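Spelled out from the first residue to the last, the chains are:
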Amino acid sequence: MSVSKDFSDYDTLIISLRERDIEAFNHLYISLRKRLFVLALYIVEHEENAKDIVQDLFVDFWENRIYEKINVSIEHYLYRAVKNKAITLKKKQTYIASAKRELPYSVFENGYGALDNNELSKELDAAIHQLPPMSSKVFQLHYINHLSYKEISLKLGISHSTISTHMDRALKKLRSYLQKSQ
């Protein structure tokens, strides 16, 4: 017969986590996920992104045994980690928005094949083919095939934040490549 542990006691929670007690993890997840979500949502202002941040944090927390390396309270650590991840994502989103303004408008609205300038279209095509494979695929699905991040996530089986990372990488490299070719 299993004895129920009091995970509200911090020492019991830590000991149980170190023993890889999934009930301790579930207690932590259930007790903090909503508040962490609200914090992430406040910063990134996008529900799916906020959910991804919290989910990715908890997965990383459990799989990489981060709780074994924490020197402050777990709750404090998780709040700080969510805040940092959300701020990082917000910065990436701002960077992508600025990159969109710098790349040719028709790349994002009509697909690069619809550009009037045939030479620019060829340069952009060459730049896209120099991207890492996944970044290239994500970029093309979003800007050429006009799929949303959610559609790309379902199609490729990757999280919204991973898509954002690939888009950030692709836009940065494309901008650099196109600036060099001018």
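Since this is a predicted model, take the numbers as computed values, not measurements.

Thresholds, definitions, all that
- Residues numbered from 1 in each chain as written.
- Predicted model: local features only at pLDDT ≥ 70, side-chain atom pairs only at ≥ 80, totals over all residues.
- Heavy atoms only, no water.
- Helix = DSSP H or I, 4+ residues; strand = E, 2+ residues; numbered from the N terminus.
- Buried < 20%, exposed > 50% of the residue type's maximum accessible area, 1.4 Å probe, protein only.
- Bend = angle between axes of the 7 residues up to and from the residue.
- Polar contact = N/O pair within 3.5 Å; in protein donor to acceptor, adjacent residues only side chain to side chain.

Undergrad: Hey, could you go over unusual backbone geometry for me, with residue numbers and the actual values?
TA: At Glu-45, a residue that is not glycine, the phi angle is positive and equals roughly 60 degrees. The topology assignment puts Glu-45 in the loop between helix H2 (22–44) and helix H3 (47–63). Relative accessible area serves as the criterion here: at 60%, Glu-45 is assigned to the exposed category. Although it is not a glycine, Arg-65 adopts a positive phi angle of roughly 50 degrees. By the secondary structure assignment, Arg-65 is in the loop between H3 and helix H4 (74–102).

Undergrad: Give me H2: which residues, what numbers.
TA: Within H2, the axis deviates most sharply at Leu-32, by approximately 45 degrees. Taken together, the buried positions of H2 are Ala-24, Phe-25, Leu-28, Leu-32, Leu-36, Ala-40, Ile-43 and Val-44. Of the residues flanking the start of H2, the one acting as N-cap is Asp-21, its side-chain oxygen 2.9 Å from the backbone nitrogen of Glu-23.

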